[in-house]
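Tertiary structure, described
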Amino acid sequence: MKKIIFKTIVVLFCLNSFLIHTYANESVKYPDYAYYYLGEDKFENFNRKMFLFNGALNKYAIRPVTVIWTSIVPKYGIQRIKSVYDNVLYPRRLVSNLIQRDFREAGIETARFLTNSTIGLGGMFDPAKRFFKLYPNNEDMEQALSSLKIKKGPYIVAPVLSSTTVRGLFGKALDAGLDPSSYMGSLIIAAVKAGFTVNNAALIQPLSKTVETTYADPYDIAKKMYGVQCYINENNLNKKEILEKQDIKFKNYNKNLIYAQKFDGILPVKYDKSLIDDEIKITDGNFVLEDETIKGSAVKDNVLYDGGLIPDIILKDFNPQHPVIDAMRTVLFEIEDATKSIWMETSIWNRSFQNRIKTSSIEITKDKDKCKFRYIMQKDKNSPVAIIFPSIGEGVYSHHSVMFAKLFYDEGYSVIIQPSAFNFSFVKSMPEDFYPGIPEKDIVYLKQTTKKAVDFLQEKYKCKFKDKIVIGTSYGAMSTLFLAKEEEEDNFINISKFISVNPPIELTFALRVVDENANTWERNPDNLKEKTALAAAKILSTLEAKEDNDLQIEQLPFNENEAKIITSFVMHQKLSDLIYTLEGCSNSKKSDIYKKINSMNYDDYTKKYLARYMDMNKNFSFDTSLYKIADFLKKSNKYKIYHSMDDYLVNLEQLKKLKSYAGNKMVLIDKGSHLGFLYRKEFIEDLKKEIALNKKTSL
């Protein structure tokens, strides 16, 4: 499941081509990504209805069949059947290559077919790749039609087939004609064909479920995914030789790269001089000393800046590239056996830790959706409970949340996973006037949902948790500290420890960094559509290397601009889901909402949805920073902060100020950027010591 989700997410990461699109002469800050890859959605009304139909068909007819299938055949068997089916499709790939006049690839496909059909036992295994380095390329007839300059035509959601185009429909028809199982008539062949069909359907179920549950508008996401994948296929950007050439360029590009020498991802804005005093007052949301641009880290040429910040944890052999690239290493965060199972995720026999986490919901607002949370209980129901607040926009299925849950569970905790206040599903359960983005107000509802979740479980299992601990990452880390301050005052939930990992210190500052990074297209305007799709192909190649245990973590194959494109898309997608929900859009309604969404960044969101709070409080930037709770941070001993010294969402002055508040309650990590150190054993081991149940001293 995790690999499927990761593959989904990383493809979506790379859809952000940052090209300027114009609707009725109105320039937008983010393009309609699907438009650039697929053109105008001429049949959107029909397509959305058909998308809903296909979703219902899959949920109530296809998925139950795949549950039976995956409960009979283990994951290894399903993968071998898929390999056999791929081998059978050799005629399709051969003809496609011949039409494209790619005779070299046609020869490779023939050699692969002969090798895998014999040594590979009918295609069950791939000795052609493993021993002879003959790599597969999944060519089809739509790619052949594209090479003949046949236009794709409008985007269509077809019954059962789902996302396609007019050209895609013809391509699929030709593919069927080149599938040997389509024209070999016998009961045995028909049974084999049915088995292949069910097997393939089983493989896409985790992806389908992820799209259904993770995004506010699954139709839009599915369209984007199809568009970028088509572009990659049409332009052969996934071929190994092309990626290898890019890898050589990348290595030359980074050969003399100086780590974080001058990070330009932060707006050159100005500090009020009072920022360097003990009493901090921010009046206009603008930050920086004099006219200098503050660097996005406290590390320069791998040497600490002057300022008294000394790391508590050294990440040896981390080999940093750039803070934004390093932050992408957060996807490497894995806890052993968290997702491991010999069965597919949809199987009733899959008892991996991830699949044992249960989902429930609680009512917060009458006549609104219930708020979902996930949990897993220890055998001793009275065991301590860990409550997880994820990063901005993340829901209860967040990969990081699952990994943290496994870590805490192994240490003897029951676990509750909460959604982010910025998550669209959380907003759907809140009152109509709830607009996330003010930590002090967000925590009112997070505290309420947390208390109700704790009470629900204690009532359900007739238990009383011995202790409660909260851990949060990124914006969830900021929320954790605001909750700690609230708990200090009223002890509403009776939480004893609060762990905050990479909290933004000044939220408006951090979000402006995100907005500034989204302007990468202005500095690199050439061929961005191709560059974006190429970045997607790079990530998929990296994923394959990871699956084959051939991934070298020391250097990710991205340059600074690609990393900004990727991370900026992720952040804007979360904002897109939020605005889509706040505007009350129906999944089946054709709407111009994306014109509005693509015209807004986080600063625009703040001005539009939080304007009345800003009008009421001229110190808005101060109130959305950790300076707001400075007195608490100085006095309390119930929290621990982990922060990296090259986090690109903070700067040196902010880190120094936070350190002056927290003292030894703040652990500084020399590298790893924003959450890019989560996978490192140094961090994990230190966190385990912090949460150990036999620890005699409290924070």
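Please read these numbers as outputs of a predicted model, since none were measured by experiment. Within each chain, residue numbers correspond to sequence positions counted from 1 in written order. Per-residue local features of the predicted model are confined to residues with pLDDT of at least 70, and side-chain atom pairs are confined, for both listing and counting, to 80 or more; whole-chain, interface and lining totals are unaffected and use all residues. The side-chain figures draw on all heavy atoms in the structure; neither hydrogens nor water molecules are used.

**Some remarks on the confidence of the model for the protein chain**
We count it as follows: Each residue gets a pLDDT score, which is the predictor's confidence in that residue and runs from 0 to 100. Contacts: residue pairs with any heavy atoms within 4.5 Å of one another.
Residues with a pLDDT of 70 or more make up 80% of the protein chain, whose mean pLDDT is 82. Confidence over residues 1-26 falls short of pLDDT 50; this stretch has 87 contacts with residues more than four positions distant or in other chains. Long-range and interchain partners of residues 252-306, a stretch whose pLDDT sits below 50, account for 146 contacts in this model, where long-range means more than four residues apart.

**Describing a nonpolar patch on the surface**
Going by this rule: Patches here: salt-bridge-free residues with over 30% relative accessible area, like charges joined within 9 Å, nonpolar side chains (Val, Leu, Ile, Met, Phe, Trp, Tyr) joined within 5 Å. Accessibility throughout is a Shrake-Rupley quantity obtained with a 1.4 Å probe, and a residue counts as covered only by protein chains that appear here. Salt bridges are identified by distance alone: a Lys or Arg side-chain nitrogen within 4 Å of an Asp or Glu carboxyl oxygen. What counts as a helix is a DSSP run of H or I of at least four residues, what counts as a strand is a run of E of at least two, and both are numbered from the N terminus.
Together, Tyr76, Leu121, Met124 and Phe125 give the surface a local cluster of nonpolar side chains, amounting to about 380 Å² of exposed area. As for its placement among the helices and strands, Tyr76 is situated in helix H4 (residues 75-88).

**A look at the packing of aromatic side chains**
Our working rule: Pairing of aromatic rings covers Phe, Tyr and Trp, the last through its six-membered ring, and needs centres within 6.5 Å; plane angles under 30 degrees mean stacked, over 60 mean edge-to-face, and all others mean tilted. Partly exposed residues are those whose accessible area sits between 20% and 50% of the maximum for their type, while under 20% is buried and over 50% is exposed, using a 1.4 Å probe and protein chains only. Placement of a positive charge over a ring is assigned whenever Lys NZ or Arg CZ falls within 6 Å of the ring centre and within 35 degrees of the normal to the ring plane.
As enumerated under the stated definition, the model contains 23 aromatic pairs in all. With 5.4 Å between their ring centres and 70 degrees between their planes, Tyr37 and Tyr231 make a pair best called edge-to-face. Placement of Tyr37 in helix H2 (residues 33-38) and of Tyr231 in helix H12 (residues 218-234) is noted, with a sequence separation of 194 residues between them. Across this residue pair, the class does not change: Tyr37 and Tyr231 are buried. Aromatic ring contacts, followed pair by pair, group Phe422, Tyr435, Tyr475, Tyr605 and Tyr609 into a single cluster. Its end group placed over the ring of Tyr76, Arg80 keeps NZ or CZ at 4.8 Å from the ring centre. For the cation-ring pair, Lys608 lies above Tyr609, with the distance from its terminal atom to the ring centre recorded as 5.2 Å.

**Some words on the sheet that holds strand E8 (residues 371-376)**
The line we're drawing: Note: two strands are recorded as paired if DSSP finds a minimum of 2 bridges between them. Orientation is described by axes fitted as lines to C-alpha atoms, over the contacting stretch for helices, and by angles from 0 to 180 degrees between their N-to-C directions.
On the basis of which strands lie adjacent, the open sheet formed by 8 strands has the order E7-E8-E10-E9-E11-E12-E13-E14 and mixed pairing. Looking at strand neighbours, the two that pair on one side only are strand E7 (358-362) and strand E14 (666-669), the edges of this open sheet. The average undirected angle you get between the axes of adjacent strands in this sheet is 20 degrees. Strand direction decides the pairing type here: E8 and strand E10 (residues 414-417), joined by 3 bridges, are antiparallel. Its bridge partner lying in E10, Tyr375 is registered against Ile416.

**A short note on the packing of helix H3 (residues 44-72) against H12**
The following threshold applies: For this classification, under 35 degrees means roughly parallel, over 145 means roughly antiparallel, 65 to 115 means roughly perpendicular, and everything else is oblique.
Taken N-terminus to C-terminus, the directions of H3 and H12 make an angle of 100 degrees; their axes are 10 Å apart at the nearest point. Between H3 and H12, the angle is such that the two are roughly perpendicular. In this structure, H3 contributes Glu44, Asn47, Arg48 and Phe51 to the contact, and H12 contributes Pro218, Tyr219 and Ala222.

**Let's talk about the packing of helix H16 (residues 399-410) against helix H30 (residues 681-691)**
What counts here: For any helix crossing, the convention is left-handed if the near helix is rotated counterclockwise from the far helix by under a right angle, and right-handed if that rotation is clockwise. Basically, the charged four are Asp, Glu, Lys and Arg, the nonpolar ten are Ala, Val, Leu, Ile, Met, Phe, Trp, Tyr, Cys and Pro, and anything else, Gly included, counts as polar.
Following both chains from N to C, one finds H16 and H30 inclined at 50 degrees, their axes separated by 10 Å at the closest point. It follows that H16 is oblique to H30 by the angle criterion. Taken as a pair, H16 and H30 cross one another with a handedness that is right-handed. Here Phe404, Leu407 and Phe408 of H16 lie close against H30, whose contacting residues are Phe683, Ile684, Leu687, Lys688 and Ile691. Taken together, the residues of the contact of H16 with H30 sort by class into 7 nonpolar, no polar and 1 charged.

**A look at the nonpolar core**
Selection criterion: Only buried Ala, Val, Leu, Ile, Met, Phe, Trp, Tyr and Cys residues count toward a nonpolar core, and they belong to the same one when joined by side-chain atoms within 4.5 Å.
If you look at the biggest cluster of nonpolar residues, it comprises 90 residues, and the most contacted ones within it are Ile416, Tyr602, Tyr605, Leu626, Leu633, Tyr639 and Leu658. At 7 residues, the largest contribution of residues to this core is made by helix H23 (residues 560-582). Sequence-distant contacts of Leu658, defined by excluding residues within four places in its chain, comprise Ile505, Leu626, Leu633, Ile641, His643 and Met666. Leu315, Ile335, Phe404 and Tyr642 belong to the second largest nonpolar core, which has 38 residues in total.

**Quick notes on the pattern of salt bridges**
For the coordinates displayed, the defined rule picks out 29 salt bridges. One salt bridge in this structure joins Lys223 and Asp41, with 2.9 Å as the shortest N-O distance. One end of the pair, Lys223, is in helix H12; the other, Asp41, is in the loop between H2 and H3, with 182 residues separating them in the sequence. When its relative accessible area of 9% is taken as the criterion, Lys223 is described as buried.

**Focus: helix H29 (residues 652-662)**
As a reminder of what qualifies: Two N or O atoms count as a polar contact when they lie within 3.5 Å, although within protein this holds only if one can serve as hydrogen donor and the other as acceptor, and sequence-adjacent residues are included solely when both atoms are side-chain atoms.
Looking only at H29, the buried set comprises Leu652, Gln654, Leu655, Lys657, Leu658, Tyr661 and Ala662. Looking at the packing, one finds that the buried side of H29 touches helix H20 (507-517), helix H28 (630-635), strand E13 (639-644) and E14. Measuring from the side-chain oxygen of the N-cap residue of H29 to the backbone nitrogen of Glu653 gives 3.1 Å; that N-cap residue is Asn651. With its phi angle positive at about 60 degrees, Gly663 sits one or two positions after the end of H29.

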